[in-house]
Amino acid sequence: MAARELPVVVRYALELFAPLGTLRVKGMFGGWGFYCDDLFFAIVANDILYLKADVQSAATFETVGGEPFRLVRKDGRIDTMNYWTVPEEAMESSEEMLPWARAALAAAARNRKPAK
């Protein structure tokens, strides 16, 4: 099976995240997941980039107008996940994105599940 072509927003996000370290992206559930040095820290769903947050960092995303990722299930239920949009200016350059991406990596590290 041929690999799916990366959408423009995914390719662009990889450029924004390039200074962070070793990156990989994986197709999942119709969207895309981003890993940096094996930490899962971002997703793209419906062409929107969301970064990982947790109880320590979600308020920062909310304060700047970020929206959480919401998954609408087939039965109509809505699940809210702790991934948030970033301010528009963060999408303009790696320099603007890096503080947000580093916060997402920190949240991912704090919430890493132990290996089984």
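Read on for a plain summary of the structure. Please read these numbers as outputs of a predicted model, since none were measured by experiment.

Quick notes on the environment of D79
Piece 1. Tracing the sequence through the fold places D79 in strand β6 (residues 78-84).
Piece 2. Separated by 33 residues in the primary sequence, D79 and N46 place their C-alpha atoms 16 Å from one another.
Piece 3. Excluding anything up to four places from it in sequence, D79 contacts F69, R70, L71 and R73.
Piece 4. Within the structure, the side chain of D79 is placed 2.4 Å from the side chain of R73, a separation counted as a polar contact.

Some points on the packing of aromatic side chains
Piece 1. Within this structure, the stated rule accounts for 6 aromatic pairs.
Piece 2. Taking the centre distance of 5.6 Å and the plane angle of 85° together, the rings of F17 and F34 count as edge-to-face. Residue F17 is found in helix α1 (residues 8-17), and its partner F34 is found in strand β2 (residues 31-36); the two are separated by 17 residues along the sequence.
Piece 3. Taking the relative accessible area as the measure of exposure, F17 reaches 0% and is therefore buried.
Piece 4. Classification of F34 by relative accessible area gives buried; the value is 0%.
Piece 5. Within the aromatic cluster, the residues linked to one another by ring pairs are F17, F34 and F41.
Piece 6. When the ring centre of Y35 is taken as origin, the NZ or CZ atom of R24, which lies over that ring, is 4.0 Å away.

A look at the pairing of strand β4 (residues 48-52)
The two faces of the sheet receive side chains in turn, since in a regular strand these alternate between them.
Piece 1. In terms of burial, β4 is largely enclosed, as 4 of its 5 residues are buried.
Piece 2. As paired strands, strand β3 (residues 39-45) and β4 are joined by 4 bridges and run antiparallel to one another. Across the sheet, residue A42 finds its bridge partner in β4, namely L51.
Piece 3. Where β3 folds back onto β4 in an antiparallel hairpin, the turn is made up of 2 residues, including N46, whose phi is positive at roughly 55°.
Piece 4. Judged from the 2 bridges that link them, β4 and β6 form a sheet pairing that is antiparallel. When the bridges of β6 are listed, K52 appears paired with Y83.

Remarks on the sheet that holds β3
Piece 1. Judged by pairing direction, the sheet is antiparallel, and its 6 strands sit side by side in the order β1-β2-β3-β4-β6-β5 without closing on themselves. Across the chains shown, the open sheet's two edge strands, defined by having one partner strand only, are β1 (23-28) and β5 (68-72). Here the strands of the sheet are splayed against their neighbours by 35° on average, with no regard to which way each runs.
Piece 2. Where α1 meets the sheet, its contacts fall on β1, β2, β3 and β4, and the angle it forms with β2 comes to roughly 15°.
Piece 3. Packing against the sheet, helix α3 (residues 94-110) makes contact with β2, β3 and β4, and its axis sits at approximately 50° to β4.

Rules behind the numbers
- Residues numbered from 1 in each chain as written.
- Predicted model: local features only at pLDDT ≥ 70, side-chain atom pairs only at ≥ 80, totals over all residues.
- Heavy atoms only, no water.
- Helix = DSSP H or I, 4+ residues; strand = E, 2+ residues; numbered from the N terminus.
- Contact = heavy atoms within 4.5 Å.
- Polar contact = N/O pair within 3.5 Å; in protein donor to acceptor, adjacent residues only side chain to side chain.
- Phe/Tyr/Trp six-rings, centres within 6.5 Å; stacked < 30°, edge-to-face > 60°.
- Buried < 20%, exposed > 50% of the residue type's maximum accessible area, 1.4 Å probe, protein only.
- Lys NZ or Arg CZ within 6 Å of the ring centre and 35° of its normal.
- Pairing = 2+ DSSP bridges.
- Axes fitted to C-alpha atoms, helices over the stretch in contact; angles between N-to-C directions.

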